Amino acid sequence: MNLPGFPIARPRRLRTSPALRRLVAETSLDISQLVLPLFARGGRKLRRPVDAMPGVFQLSPDEIVREASAAHALGVPAVLLFGIPDKKDARATGAYARNGIVQQTVRLLKKELPSLLVITDVCLCEYMSHGHCGLIHGGNGKVPGSGKILNDPTLKLLANTAASHAAAGADIVAPSDMMDGRVAAIRAALDREGFPDTPIMSYAAKFASAFYGPFREVAESAPSFGDRRSYQMDAANANEALREVALDIQEGADIVMVKPALAYLDIIQRVKAEFGLPTAAYAVSGEHAMIKAAAANGWIDERCVTLESLLAMRRAGADILITYAAVDAARWLKE
Ligand code: PBG
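Criteria and cut-off values
Residues numbered from 1 in each chain as written. Predicted model: local features only at pLDDT ≥ 70, side-chain atom pairs only at ≥ 80, totals over all residues. Heavy atoms only, no water. Helix = DSSP H or I, 4+ residues; strand = E, 2+ residues; numbered from the N terminus. Rg over C-alpha atoms; globule rule 2.2 N^0.38 Å. Buried < 20%, exposed > 50% of the residue type's maximum accessible area, 1.4 Å probe, protein only. Contact = heavy atoms within 4.5 Å. Areas by Shrake-Rupley, 256 points an atom, 1.4 Å probe, with all protein chains shown as cover. Lys, Arg positive; Asp, Glu negative; His and termini not counted. Charge placed at Lys NZ, Arg CZ, Asp CG, Glu CD. Expected span 1.5 Å × (residues − 1). Arc of directions from axis to C-beta. Salt bridge = Lys/Arg side-chain N within 4 Å of Asp/Glu carboxyl O.

1. Focus on the overall build of the protein
Helix and strand content of the protein: 12 helices and 12 strands. For 335 residues, the compact-globule formula gives about 20 Å, and the C-alpha radius of gyration of the protein, at 21 Å, lands near that figure. Counting all 335 residues of the protein, 52% fall into the buried class. Pairs at least 24 residues apart make up 73% of the contacts formed inside the protein by residues separated by at least 6 positions. Counting every atom, the protein has about 15,600 Å² of accessible surface; 54% of that belongs to carbon and sulfur. Across the protein, the mean location of the 39 positive side-chain charges is 4 Å away from that of the 36 negative side-chain charges.

Right, here's the structure in full:
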């Protein structure tokens, strides 16, 4: 910016008091932007902690209601639901079972907390015996030519999963599998099955990231062989991320997501600037774990670092912040 003849510039004039700083703040962080991820697993009164993620639990449906209700009472508008099934198989049957763990939990949540928005993660990895997000061809990847992730045959299972979530009462479905064409397949299934008003929040630019490590422990969804690099994006690519987002929008995505968040702020910024759609940032498990670990050591201030990180996502252009710290953040924002 070139400002010829500008009088003596004193940016500090606008920093002299908290009220003044607040008045000129360009970006705001609000509880209404927060989404809390929750992990459902069968049982009653189950609250199983996970080593890699302090403060995150596998919860039985009744405990999910408790946790969601506490978050909602603080003003958190939405939860993002994941499921850990009792049994896994090679067709991810538990993902689209009418009485699957997510379907059951959604029904209970919508009954107990009707004003809470329930977003469901639509993926197969938690339900597959091999932990991949799609059907695989042949054996376990050890024999050459086997272990290939099959794109098109997977779409029907994803569409069935999304439709079963909508039928259970999900307010938004969020496909995270990164198969090509899944948003179109899900949109068609939702429309066909009588859910034309159920929005899709697509994990549109989802990178193959080591920041997902702790999540896979919570969700018990680590791939048993290979990795997810043939379907999730390469961290080197930003233009490709825009193409991925454009495709999802063309196929009918209503909200687009960038994931992870903090290491991909450039992507968030470009996606928001280019498309202007409601844009979500997912502060993933590894991001959360790093803050927790450093804070536990007394190396950083957990509250300040968490809020500063979320504000950075907002500054980049995110409208919706999916974070394991949603409840803490809500409490801090209220103080
Ligand atoms: C399922 C899924 C993953 C995450 C969200 N949905 C894991 C993965 O792709 O391996 C990661 C979330 C996190 O790390 O917090 N496909």
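After presenting the structure, the write-up continues.
2. Concerning helix 2 (residues 61-73)
Helix length check: helix 2, at 13 residues, gives a terminal C-alpha distance of 18 Å against a target of 18 Å (1.5 Å per residue), a fit within 8%. The set of residues buried in helix 2 consists of Pro 61, Glu 63, Ile 64, Val 65, Ala 68 and Ala 71. Where the residues of helix 2 are buried, they touch strand 1 (34-41), strand 2 (47-49), strand 3 (57-59), strand 4 (78-84), helix 4 (101-112) and helix 12 (326-334). Count one or two residues on from helix 2 and you reach Gly 75, which has phi positive near 105°.

3. Overview of helix 6 (residues 182-192)
Taken as a whole, helix 6 has its buried residues at Arg 182, Val 183, Ile 186, Arg 187, Ala 189 and Leu 190. All buried residues of helix 6 project into a common sector of 165° when viewed along the axis, lining one side. Turning to helix 6, the residues buried within the fold contact strand 5 (117-122), helix 5 (151-168), strand 8 (172-175), strand 9 (201-206) and helix 8 (239-251). The first or second residue beyond helix 6 is Gly 194, which carries a positive phi of 95°.

4. Some points on the pattern of salt bridges
Side chains that differ in charge, positive against negative, can pair when their charged atoms come close. Scanning the model with the defined rule gives 14 salt bridges in all. Arg 182 is the partner of Asp 177 in a salt bridge, and the nearest nitrogen-oxygen pair spans 3.3 Å. The same class applies to Asp 177 and to Arg 182, which are both buried. A single network of salt bridges, built from pairs that share partners, joins Arg 47, Glu 63, Arg 66 and Glu 67.

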